[in-house]
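Listed here are the chains, written in short residue letters.
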Amino acid sequence: MSDHGEDSEMVTAQTPDEATDENLEDRPAETPVKMEQQEQDAEKPTVGNEVENQVKDADQAPAEADVAPLESTSADTTDMKQPSPTEQEDITVDKPDTAVEKENAVEKTDGDEENAQNSQGTQLNQSQNVVENDNSEKIANEQGPEVASTAEPQNLEVATDGDGDTEVDKNVEPLSEKKEDDAEKNSNNTDQSVVTESNAEQNVEVADQTNVNPDDAIAESGSVQDEPPKTDENQASSDNVDNSENPKEVITEETSSPQTPAKDEEIKPSGDEIKDAGDVSGVTEKDEAVEKPSTPPVQGEEVEAKDAGDIGVDESKQTQEPLAESSEVAITPSAGLPNESRPNSKPSYPTPPPAPHVRDKSVVDGAVSHNLLDPFKEDEQTLPLSLNWTFGFNRHIGCLNLSDSSRNLVMYASSHVAVLLDFENNVQKLLLGHANVITCIDCSADKRWLVSGDKGENSSVIIWDSYTGIPVQTIFDVPGGKGTAAVAMSSSAKYIITLSATTPQIVSVWDWTTSGDFPICSIDLPVDFGVQTKVAFCHNDDEQFATNSDIQVIFFSWSSGELEYHAPYLSDDVFNRIVGTFSHTMYQLDDIRALTGTSQGNIVVWEPERSNKIGMETPAIRKRALKLVRLQERAITTLSFTNGYIITGDVTGAIKFYDANLDLHSWHSSNTQMGPITSISFKYDPDFNTELLADSNVYPTDATIAGNPFIVRDFLASTKHAEIFSVHADGSSVDTILQEHDAAVHAIAVSSTKPWICIGSYAGLLKVWNYETKQCLVTRIFEKGSNIQCLTFDTLGLEIAIGMTNGSVHVVDALSLTDLVERPFRYARDAVTHIAFSHNSRFLATADADMVTTVFENDTSCGWKYLGRYRAHYKPIRDLSFGVALDTNLPRLLTLGEDRAMVEYDLANSSKDDLRLISIDRIEQSAVPSCIAWYPDVTKESFLLMANDKYKYKLFNTTTKMCRKTLLAPTYGSHLQKMLPLPAGNNSKARLLSYVTKYKVGLQLLPLDGNPHKSIAVVAHPSGVSHLSASHDGKYLFTAGGKDSCVHMWSISTNALEAASSLGGEGLTPFYGLLEGGRDGELFAELENYFYFAQLRSQGLDTTEAREVSTVIPLEQIPFVMRALGFYPSEQEIEDMLNEVKFSEYVETGQYVTEINLGDFIKLYVNHRPAFGLSPDEIDQAFNTLSRLSKDSAGNIGKQQLLNILQRRGEHMTEHELSECLGTLLGVTSEGGTTELDIDPDKDTLGKYLDEILPDEISAPMFAEEILGLPVNE
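### Let's talk about the side chain of serine 1029
Alright, step 1. Inspection of the secondary structure assignment puts serine 1029 in strand S63 (residues 1027–1030).
Alright, step 2. Here valine 750 takes part through its backbone nitrogen, which lies 3.5 Å from a polar atom of the side chain of serine 1029.
Alright, step 3. Aside from chain neighbours lying at most four places away, what touches serine 1029 is Ile748, Ala749, Val750, Leu980, Tyr1036, Leu1037 and Phe1038.

Next comes the structure, spelled out in structure tokens:
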């Protein structure tokens, strides 16, 4: 709609194209819009003319606003054929806003229609609703474009006289609304029915014979629909309503032939749908559907709908509901008293009905910059693990200043998370979507649109809306397939440039607003140009951009539709000076010149080449190095621009401002020592005017002779030391927004009593945070070379023990980080990898990379002292843990090594330089243990929990060290690296186990049973998780990312995990899913057959006695059924399985279990078998290890050598046992050892026979396929 209504759309009856074949003849004609009268009325100073130009988007929901009186521009006569009873028109007119709210116009769409039968002699008249205006002349002058109305099934003639008054046929009364500006008129002196609207929002809804939901017509800004007509009979019924008894209802009427309503007729509200508020001056009623009785529909009846693009109505909702046949009239009470009873009312601008329900629109469309960040709400968490906060950021890619007049916002990357930080309110908005560490970010000129890219497998480029944090476009298929090294967004935000992370690099141009599937154009770059790491658009020309590597600057253009580039030559010989390596390239504002900073403090000025022919222009991308300007001694790291200035940042942390001629005007200096600058980003302020601020005397003067005020916008600067500073251009202050770790973070620990987390890095920086308030409490930087590897809090949370990479151990106060030991302990020869306090804080133990365990004791008289050291492992120590003895409450110390040994130390009997051991237990045969923890008291028996690299949990009795249970562990990419039982929560009885794999963090519901649905995991750090810690109340998890220098804080929802687990089913259902084919698969059928065959075998195969079929088998048959299913356990694994079943009920009943049923056997099978089966690669690796590789690189092994290895290595096997196993595998003997051939089962005879059939050389495929019977894919 234009400002003066010239573009107002013509509202017509249903067109013949929209009508059905059945009622095509009854469609009314279209009513033309009177453009001439509109132009005359547009000159009137009405409220509608002031706000019409604000209605821009038809999909935008109109706000509640007062609707001004309708205006009419019609002066001509229009004839219209009256629609049939089966038709109804949506009457829509444009109604402008009041002066109070001028932002949106209101459209109300109502689908009421009437169905009357005027047959002669009928005693019962059909109810009709007629709404008339008592001042038709005034409405005709104020009404907008003429509209087609629906009334009685008779011909309707609408005409205007010379004065513009509307004349209506007496048989049919027009649809209109009364402007409530004359309080003196009432029902005694009017000739027509009037529905009066109060100043408050009111909606008088009349229930006729239809059952149309008004929500089916969705509001569109700029129009409102009139009420349906009312019949004389219902007018008479309305006249009998006492307004004093219904103060919210104002209905005045006087007809030429009044009728008395029937006794059984009632006037009542529209039921449960009516909601009103009692405010005398203004009452709002929500637009609710009117409940109406229904009758059988009339065949061919349809509702005419306007163009869906005009009113926002779903095309699927354009069918009329069945007509309702009833003599009752349901009238929604009006809001408030009539004007005569409300002296304080303001009749000049009546309040319109509230805006009807509108269709949902995009959150991005209506977003503004000041409604962005809300704190993380734990009560709204729907995932078991949700990222709550992140500490640290990627210092290599800098930051983006998204601040404007309504917000103070900065964007940076933290591992694979893009972070929007409101540094004024200390609130983070975390943008999740990348699968790898983010390598590049950029934003549009107005700071609305953001783009981020990562590098690695499953990489992507994501465009975000900074107002809402919603990803609006994702590009998955970046050419090259390995991610993005650099990205840039044009000033118009329409295009982005991506530089692939492949070799050779691929440069691509994308129009992300239309498609993210394919780029507009792409080109491969020669390898000689080096790896392009920077890209920048031309400021005023989206079809030009430049990139640079350390050795080459390239200019691009795609104005011709294809991507072209020019790589100008520049070396030290051109200017006879050292140029240096290139750091950053950007265009000047004139879009002709380009500038490049170098490591020698130079600026290279690029200009277009001169044409060799007169009158011929040189392409803009063909630039040459015009001059080399020496600006400073130190390397320039970044370039930027603002307000006509060229800004440089260098390795010393200096920020300098130059004009277009590269004359120095100002530089930034502060007491804060900044590191090498990585980015400079200015605040967005489109209203920033240097001329208006010149007289403010707030800004400092520049370095020129004139001493002019130096006026620029505030900016943010980031450094390679992981710092972000906010610089106020008036020189008032320099604020530190972030000061994080600029080296790998492997050490984190959480206090057991306070909401504190301590984070240490290889930079020697130690920081203690309050993770609830997100405030840094204290910071300490250790001397150079003291790289923090691990740390821990004591039980009371008062002391922190720190292990360094140089082998030293520090004990500091948790509040001040001051040393509690005069000199740090220096006993380890290598880095301290693990450190822990005992439960009573009496002992402190460490494990180092030299495979030595060291123990310190806290003496009450002299403090901490050295106790002893012991090298109990011959391979690296994987974990160290303190526990509590059940009977004595004394601390127990255990270490776990890659040598598959678990060592317990005798702390009670140890003395200085004499650390003793209690036991060394070998707990694995082939798997390598990875971590250990003390199992929570969710069972009556006390267990040690261990995880290995074969994706298995193992529970060991804490006293006997017997393996009591083997369970399937989570299989999310890699085996468990560390696990940590969580404290019991206050709101849930469920106990949880937290764990980390190589890249992920997860939760597991306890007790453990092998159910895969009881665990979840999410990507924590794509570069690798180095440590895990948990809060003392079990609400939060913390993960350290190692080389990404970040720590992530995760919020835990036990209810969400329990809900997710329940979706996997109960009982045996989750375990059926672990079988190939499930409950109805072939494997399960085989298992049933083997299970019952084992019963026959246990009762004797040769017996003639009656068989007893039951649901259980003896424990002795378990190994045979396992082997029949293709799982070949070792003797140690068989013993573990039998012990697991045998002692499963011993603690509760004191009895041994001697039988197992099918359900328990399925659980036993899926928990003990290999998680991913036996792969041919593992067999090849084993043969390559055992055999002597021949010259043809075939990993074969001799027959006799193989037999010797099988007998002597691993578990001991006699020659007879080996012959019996091979005979069974080759089909020579049965499983029971009895002969099925004409061969004596004597071991000598069997051995000779096997020696004859086995080949001299055995390869890995032969052993797998012909001996073991496993399929091998060639």
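Next comes the rest of the write-up.
### Structural notes on the pairing of strand S60 (residues 992–996)
The side chains of a regular strand alternate, residue by residue, between the two faces of the sheet.
Alright, step 1. Most of S60 sits out of view: 5 of its 5 residues are buried.
Alright, step 2. The alternating pattern of S60 places Leu992, Ser994 and Val996 on one face and Leu993 and Tyr995 on the opposite face, and all of these are buried.
Alright, step 3. Sheet topology note: the strand S59 (residues 978–981)/S60 ladder contains 4 bridges and is antiparallel. Within S60, the residue paired with lysine 978 across the bridge is valine 996.
Alright, step 4. Alignment of S60 against strand S61 (residues 1000–1005), held across 5 bridges, turns out to be antiparallel. Residue pairing across strands places valine 996 opposite valine 1001, the latter belonging to S61.
Alright, step 5. Joining the antiparallel neighbours S60 and S61 is a turn of 3 residues.

### Describing helix H8 (residues 1054–1062)
Alright, step 1. Turning to H8, its buried residues are Thr1054, Ala1056, Leu1057 and Ser1061. On an axial view of H8, the arc spanned by its buried residues comes to 160 degrees, and they lie on one face.
Alright, step 2. Its buried side turned inward, H8 meets S60, S61, strand S62 (1015–1019) and strand S65 (1047–1052).

### Observations concerning a nonpolar patch on the surface
Alright, step 1. Taken together, Val363, Ile470 and Val472 make up a surface patch of nonpolar side chains, about 210 Å² in accessible area.
Alright, step 2. Of the residues examined, valine 363 reaches a relative accessible area of 56% and is grouped as exposed.

### Section: the packing of helix H16 (residues 1199–1208) against helix H17 (residues 1215–1225)
Alright, step 1. Running from N to C, H16 and H17 point in directions that differ by 115 degrees, and their axes come no closer than 10 Å. For the crossing formed where H16 meets H17, the hand is right-handed. Mapping the contact onto sequence places Leu1203, Leu1206 and Gln1207 in H16 and Glu1215, Leu1218 and Leu1222 in H17.
Alright, step 2. Broken down by class, the residue content of the contact of H16 with H17 amounts to 4 nonpolar, 1 polar and 1 charged.

### A word on the sheet that holds strand S16 (residues 438–443)
Backbone-to-backbone hydrogen bonds join strands into a sheet, with any given pair of strands oriented parallel or antiparallel.
Alright, step 1. Strand order in the open sheet formed by 4 strands is S16-S17-S18-S19, with antiparallel pairing between adjacent strands. Whereas interior strands pair on both sides, the edge strands pair on one side only; in this sheet they are S16 and strand S19 (470–475). Across the sheet, the axes of successive neighbouring strands diverge by a mean angle of 20 degrees, strand direction being ignored.

### Some remarks on the nonpolar core
Alright, step 1. In terms of nonpolar packing, the biggest core is built from 45 residues, with Tyr412, Leu1003, Leu1037, Phe1038 and Val1047 touching the most fellow members.
Alright, step 2. Beyond its immediate sequence surroundings of up to four residues, tyrosine 412 is in contact with Gly392, Phe393, Gly398, Cys399, Val417, Ala418, Val419, Leu421, Gln428, Ile441, Ile724 and Leu738.
Alright, step 3. With 26 residues, the next largest nonpolar core counts Leu1087, Phe1091, Ile1162 and Val1166 among its residues.

### A look at the pairing of strand S50 (residues 863–870)
Alright, step 1. Pairing of strand S49 (residues 853–859) with S50 involves 7 bridges; the strand directions are antiparallel. Pairing of asparagine 858 across the sheet is with tryptophan 864, part of S50.

Criteria and thresholds
- Residues numbered from 1 in each chain as written.
- Predicted model: local features only at pLDDT ≥ 70, side-chain atom pairs only at ≥ 80, totals over all residues.
- Heavy atoms only, no water.
- Helix = DSSP H or I, 4+ residues; strand = E, 2+ residues; numbered from the N terminus.
- Polar contact = N/O pair within 3.5 Å; in protein donor to acceptor, adjacent residues only side chain to side chain.
- Contact = heavy atoms within 4.5 Å.
- Buried < 20%, exposed > 50% of the residue type's maximum accessible area, 1.4 Å probe, protein only.
- Pairing = 2+ DSSP bridges.
- Arc of directions from axis to C-beta.
- Patch = residues over 30% accessible without salt bridge, like charges linked within 9 Å, V, L, I, M, F, W, Y side chains within 5 Å.
- Areas by Shrake-Rupley, 256 points an atom, 1.4 Å probe, with all protein chains shown as cover.
- Salt bridge = Lys/Arg side-chain N within 4 Å of Asp/Glu carboxyl O.
- Axes fitted to C-alpha atoms, helices over the stretch in contact; angles between N-to-C directions.
- Left-handed = near helix turned anticlockwise from the far one by under 90°.
- Nonpolar A, V, L, I, M, F, W, Y, C, P; charged D, E, K, R; others polar.
- Core = buried A, V, L, I, M, F, W, Y, C linked by side-chain atoms within 4.5 Å.

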